[in-house]
Amino acid sequence: MTKTSTTQEPRHRSNTASRKRTGPLNRVRWAAMRALLGTVGRASAGIRIGFRHGFDSGSMLDYVYVDKAGGFPVVGHLIDRVYLNAIGWRAVRARRELLKDVLRKEIARRGGGDGGVRVLDVASGPGRYLQDLLAEYAPGTLHVECRDMDRAGLAQGERQAAERGLTGISYAYGDALDPAPGSPAPDLIVVSGLYELLLDDSVIAASVARLRGMLAPRGALVFTTQTRHPQLEFIANVLPNREGVLWEMTCRPVELAEQWAAQAGFREVASRRESVGLFTVTTARR
């Protein structure tokens, strides 16, 4: 894989600081935006999902992946299409395609073996992109375990997999930051869309090191990093997360993410950027 540019990006800042700098006029503006989104915006199916489950939830991402406008006829569909076309969601869909491409290459690198390749996503939500990936392989070639703390998302994923007649995929409740070891150990561990939500760098660094210890020999960790986002202030002041509080995200240079992987003891570390340009996908091999 091609190494990302070594050009340093600005050091990240927490959205908490952005909100603290908001003056009275901006507070009124954000309050008006929250009111508008919470009333008229609910004509959009996607915005309704965001208010119900959190705009950062697995259920929300699953809806974004489908990319089909829904909601009340005409007006709701129009609002939903604008919502789904937001730069952040376009980047999330591009990130999904890049993730699948990276995973295909890592699966091919292992050649399957007698027991097939085992993939663990520690914060999967419904895991639609993993279902899509699994459908590309012959039965027994790929085994996927999806874990999450969102039981509704896990149940949704189980229903979707059953409807598609997919075998070789399982769903289990689990804490991504305190994961139980897999048995047998996974060949690939995926962390997609989680580290962007964590504001403490030390928590992410500890997670990267912990996940390395869970991998099978020659295994690889694949994780995403948000390096920029032009709508951070809007998100931090308007959109609630899955816990019902305003959604804070942070951006980090990909060099920092690669540094965490190297410090954890990974031998080969490389990153690629999705086509919209907000996220990178890093592969760290043991």
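For the structure itself, look to the data block above.
Novice: Could you give me a rundown of the overall build of the protein, with the residues and numbers involved?
Specialist: Looking only at helices and strands, the protein features 11 helices and 7 strands. A compact globule built from 286 residues would reach a C-alpha radius of gyration of about 19 Å, and the protein, at 19 Å, matches this within 12%. Reported as C-alpha extents along the three principal axes, the dimensions of the protein are approximately 60 × 45 × 30 Å. The buried share among the 286 residues of the protein stands at 53%. The contacts of the protein with a sequence gap of at least 6 include a subset with a gap of at least 24, amounting to 76%. Accessible area for the protein stands at about 12,800 Å²; split by element, carbon and sulfur atoms hold 55% of it.

Novice: I'd love a proper account of the sheet that holds strand β1 (residues 117-121), names of residues and values included.
Specialist: Pairing in this open sheet of 7 strands is mixed, and the strands run β3-β2-β1-β4-β5-β7-β6 from one edge to the other. The sheet is open, and its two edges are formed by β3 (169-173) and β6 (268-273), each paired on a single side. Strand-to-strand twist in this sheet, taken as the mean axis angle between neighbours without regard to direction, amounts to 20°. As judged from the 5 bridges shared by β1 and strand β2 (residues 142-148), these two strands associate in the parallel manner. For V117, the partnering residue across the bridge sits in β2 and is L142. Helix-sheet contacts for helix α9 (residues 201-214) involve β1, β2, β4 (188-191) and β5 (220-226), and the interaxial angle to β4 is about 155°. Running over the sheet, helix α11 (residues 254-263) touches β5, β6 and β7 (279-285) and is turned about 155° from β6.

Novice: Could you give an account of the pattern of salt bridges, naming the residues involved and the relevant values?
Specialist: Two side chains of opposite charge can pair, provided their charged atoms sit close to one another. Under the defined criterion, the tally for this structure stands at 18 salt bridges. Between E97 and R96 there is a salt bridge, with its nearest N and O atoms 2.9 Å apart. Judged by its relative accessible area of 13%, R96 is buried. For R109, the salt bridge goes to E268, with nearest N and O atoms at 3.9 Å. Here R109, found in helix α6 (residues 87-110), pairs with E268, found in strand β6; they are 159 residues apart in sequence, far enough to count as distant. Since its relative accessible area comes to 31%, E268 is described here as partly exposed.

Novice: Which residues make up the pairing of β4, and what are the values?
Specialist: Side-chain alternation along β4 places L188 and V190 on one buried face and I189 and V191 on a second face that is also buried. As defined by bridge partners, β4 adjoins β5 across 4 bridges and the pair is classed as parallel. Paired with V190 across the strands is V222, a residue of β5. Between the parallel elements β4 and β5, the chain passes through α9 in a crossover that is right-handed.

Novice: Could you give an account of the environment of A257, naming the residues involved and the relevant values?
Specialist: Among the structural elements, A257 can be located in helix α11. A residue is classified by how much of its surface remains accessible, and A257, at 1% relative accessible area, is buried. Separated by 52 residues in the primary sequence, A257 and A205 have C-alpha atoms spaced 8.2 Å apart.

Here is what the cut-offs are and how they apply
- Residues numbered from 1 in each chain as written.
- Predicted model: local features only at pLDDT ≥ 70, side-chain atom pairs only at ≥ 80, totals over all residues.
- Heavy atoms only, no water.
- Helix = DSSP H or I, 4+ residues; strand = E, 2+ residues; numbered from the N terminus.
- Rg over C-alpha atoms; globule rule 2.2 N^0.38 Å.
- Buried < 20%, exposed > 50% of the residue type's maximum accessible area, 1.4 Å probe, protein only.
- Contact = heavy atoms within 4.5 Å.
- Areas by Shrake-Rupley, 256 points an atom, 1.4 Å probe, with all protein chains shown as cover.
- Pairing = 2+ DSSP bridges.
- Axes fitted to C-alpha atoms, helices over the stretch in contact; angles between N-to-C directions.
- Salt bridge = Lys/Arg side-chain N within 4 Å of Asp/Glu carboxyl O.
- Right-handed = clockwise from strand over helix to strand, strands pointing away.

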